[in-house]
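Residue strings, one per chain:
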Amino acid sequence: MPTYRPGPVSLIAATLVALFLLMPLLAVVPVSFTPTRMLAMPSGELSLRHYRALIEDPRWIDSILLSIRIGIVSSAFSTLLALSFSLGVWMFQPRFTALLIGFVLLPMVVPPVVSAITIYFLLTSLSGVIPWFGYDTWLGVAMAHSIMTVPFATVLILVALSQVDRRIDLAARGLGASVWDRATKVIMPNIKFGIATAALLSFVLSWEEIGVTLFITSVNAITLPRLMWMGLRDNIDPSIAAISVILILLTVCILFTRRVVGQNPKG
Amino acid sequence: MTRHLSNRTGAALTIAPLLLFLAVAYAWPFLGVVKWSFTLPEPGFGQYRTLVADPLVQSVFLRTMRICIAVTLASVIGAYAIAVVWVRGTPTQRMLAEFCILVPFWISVLTRAFGWVALLSNRGLINTWLQSAGIISEPLALVRNELGVIIGMTHFLIPFAVFPLASAMRSLDDRVLLAARGLGASRTRTFWTVFVPMTASGIIGSALIVFVFALGFFVTPAILGGGRSVMVAELVYLRIFQSPDWGLGAAISVVLVLFVGLLMALLFRYVRPKQLV
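Residues numbered from 1 in each chain as written. Chains lettered and ligands numbered in written order. Predicted model: local features only at pLDDT ≥ 70, side-chain atom pairs only at ≥ 80, totals over all residues.

## Quick notes on the overall build of chain A
A tally of helices and strands in chain A yields 12 helices and 0 strands. Taken along its principal axes, the extent of the C-alpha atoms in chain A is 75 × 65 × 30 Å. Looking at chain A residue by residue over its 267 residues, the buried ones come to 44%. Of the contacts made within chain A by residues no fewer than 6 positions apart, 72% connect residues no fewer than 24 positions apart. (Helix = DSSP H or I, 4+ residues; strand = E, 2+ residues; numbered from the N terminus. Buried ≥ 20, exposed ≤ 12 C-beta atoms within 10 Å, placed from the backbone. Contact = placed C-beta atoms within 7 Å.)

## Regarding the environment of R59 of chain A
Locating R59 of chain A in the fold gives a position in helix α3 (residues 58–92). With 20 residues separating them along the chain, R59 of chain A and L39 of chain A place their C-alpha atoms 20 Å apart.

## Re the environment of L161 of chain A
All names here are of chain A. Along the polypeptide, L161 turns up in helix α6 (residues 138–162). Along the chain, L161 and I243 lie 82 residues apart, while their C-alpha atoms are 37 Å from each other. Ignoring anything within four residues of it in the chain, the contact list for L161 reads S86, W90 and I191.

## Section: the confidence of the model for chain A
In this model, chain A carries an average pLDDT of 89, and 96% of its residues clear a pLDDT of 70 or more. By mean pLDDT, helix α12 (residues 239–263) of chain A is the weakest element of chain A at 84, and α6 of chain A is the strongest at 96. (pLDDT = per-residue confidence, 0-100.)

## Here we look at the domain arrangement of chain B
It is common to give the size of an interface as the accessible area lost on bringing the parts into contact. All names here are of chain B. Domain parsing of chain B yields domain 1 (1–39) and domain 2 (42–276). Here domain 1 and domain 2 have C-alpha centroids that lie 33 Å from each other. Listed per partner, the contact involves 6 residues of domain 1 and 8 residues of domain 2. (Domains from an automatic or database assignment.)

## What about the nonpolar core?
Grouped together as the largest cluster of nonpolar side chains are 158 residues, with contacts concentrated most on I117 of chain A together with I82 of chain B. A domain-level breakdown of this core finds at least three residues from each of domain 1 (1–39) and domain 2 (42–276) of chain B. When near neighbours in sequence (up to four residues on either side) are disregarded, I82 of chain B contacts A14, V17 and A18 of chain A together with A97, C100, I101 and V162 of chain B. (Core = buried A, V, L, I, M, F, W, Y, C linked by C-beta atoms within 7 Å.)

## Structural notes on the confidence of the model for chain B
Residue and element names in this part refer to chain B. Chain-level statistics for chain B give a pLDDT mean of 87 and a share of 95% at 70 or above. Per-element confidence in chain B ranges from a low mean pLDDT of 84 for helix α2 (residues 46–53) to a high of 94 for helix α3 (residues 55–88). Confidence estimates for the predicted assembly give a pTM of 0.88 and an ipTM of 0.88.

## Considering the packing of helix α7 (residues 166–174) of chain A against helix α8 (residues 179–187) of chain A
Residues and elements named next belong to chain A. Running from N to C, α7 and α8 point in directions that differ by 135°, and their axes come no closer than 10 Å. Relative to α8, the element α7 lies oblique. Crossing of α7 over α8 shows right-handed handedness. Contacts between α7 and α8 involve I168, D169, A172 and R173 from the first element and R182, V186 and I187 from the second. Broken down by class, the residue content of the contact of α7 with α8 amounts to 4 nonpolar, no polar and 3 charged. (Axes fitted to C-alpha atoms, helices over the stretch in contact; angles between N-to-C directions. Parallel < 35°, antiparallel > 145°, perpendicular 65-115°, else oblique. Left-handed = near helix turned anticlockwise from the far one by under 90°. Nonpolar A, V, L, I, M, F, W, Y, C, P; charged D, E, K, R; others polar.)

Written out as structure tokens, the structure reads:
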């Protein structure tokens, strides 16, 4: 059957948009090799000094390790909560399901700055009661990130569940499986890929979260985006170009791996 | 009866943790913010009166609307162009389009804003090239103004605008397009009188999503606006951290939530939620 393909005008327009989308990502590459201390195009010689600064300056390493720790904890927490919620909604189909899901999606829909001021209120209130869990602590940041990522994790798991054939669950139930066995031995194996994607997305969202983090950290819990923000605001430090190049390469690698894994029929 | 009971307990045990977590850690503190807007610095509607009367706040709101409208138009048009190829192109074209949409989508907003600074600033790539080519003598002011903010936000939001458009385009029946062509309509006419109207729900959905996202946007305007083109979200940040006036920051947040709620209600009225995914 013939299909309707885009014509030359569409292709030109799309190419322009594609160039626009890739341009800023490509622009950071030459800047990261500049030999000067300031943001500029390298003229003549190239230098790796900004990459060396990343390794030698403990602030970068510390913030990367902190971001990884916060990402793992908040992703595990939000994936677990989202999984439990989605399984409950799918298996028991409670009344007002749409309303419950709508409530869970709020942090995704509400403008990030409003979530930020809301969580700022929460953490400053907590600081008075449990200082190690409040404002400017890594646990506080991890909890904040969980709030922000849990809607995305829930959506992904619910989408995965919507592909599951209810009859296999009915069969398990008819054969006398308990709720726990149905969830862990029948349903969850069928949404493995969805759960893994939810965990990965939660980690990535936490890893690059800045809007809320900016409101709830000051000197102690400096995540990688927070450190980049400081470098971008004061005077623009080309080390940011170096870390950006590394992050872009990392993203391309992850996307590529995911594509390969995703195409595997067993995945 | 026992089964019914166990179902109820099961439902409660699985569903409740997340609901409780969000109620305590999100809904309750939001009420706290609402309280701030009515009590700081003194009880009453003072902050809301400031919102309506203060010329600075008004100019920020006007600028936000102006930027959001420009960004929405630019993002939806750009997203439409690339979505057409992503959905209807040959397999190679599709793969390339997907790459160009997904790579920026997954890259941090800071990296992307920084890329634009590297391109657009006075000593950035574009000005350096134009100057060395002798086309301009003074660097063009491309950043630290509204233009820079619009460019950066459009770049951030195009991938978000693509998804609803692509889903509307996928659900469109090929045979309609072939019929239009078979009846003698030109490529251009088929596109404008058949293809575009039939994806209208996607266009509305994507425009509303972009607009809502753009309203609460904070990082890109703060970096590319250079403190000169302050938008509503940045104003909240400044009111909390730089000139502490928590009440005003809270009041702006409340207004923002109400406005976004209104837009979302419109969205669900005109577009079925399923069409957005």
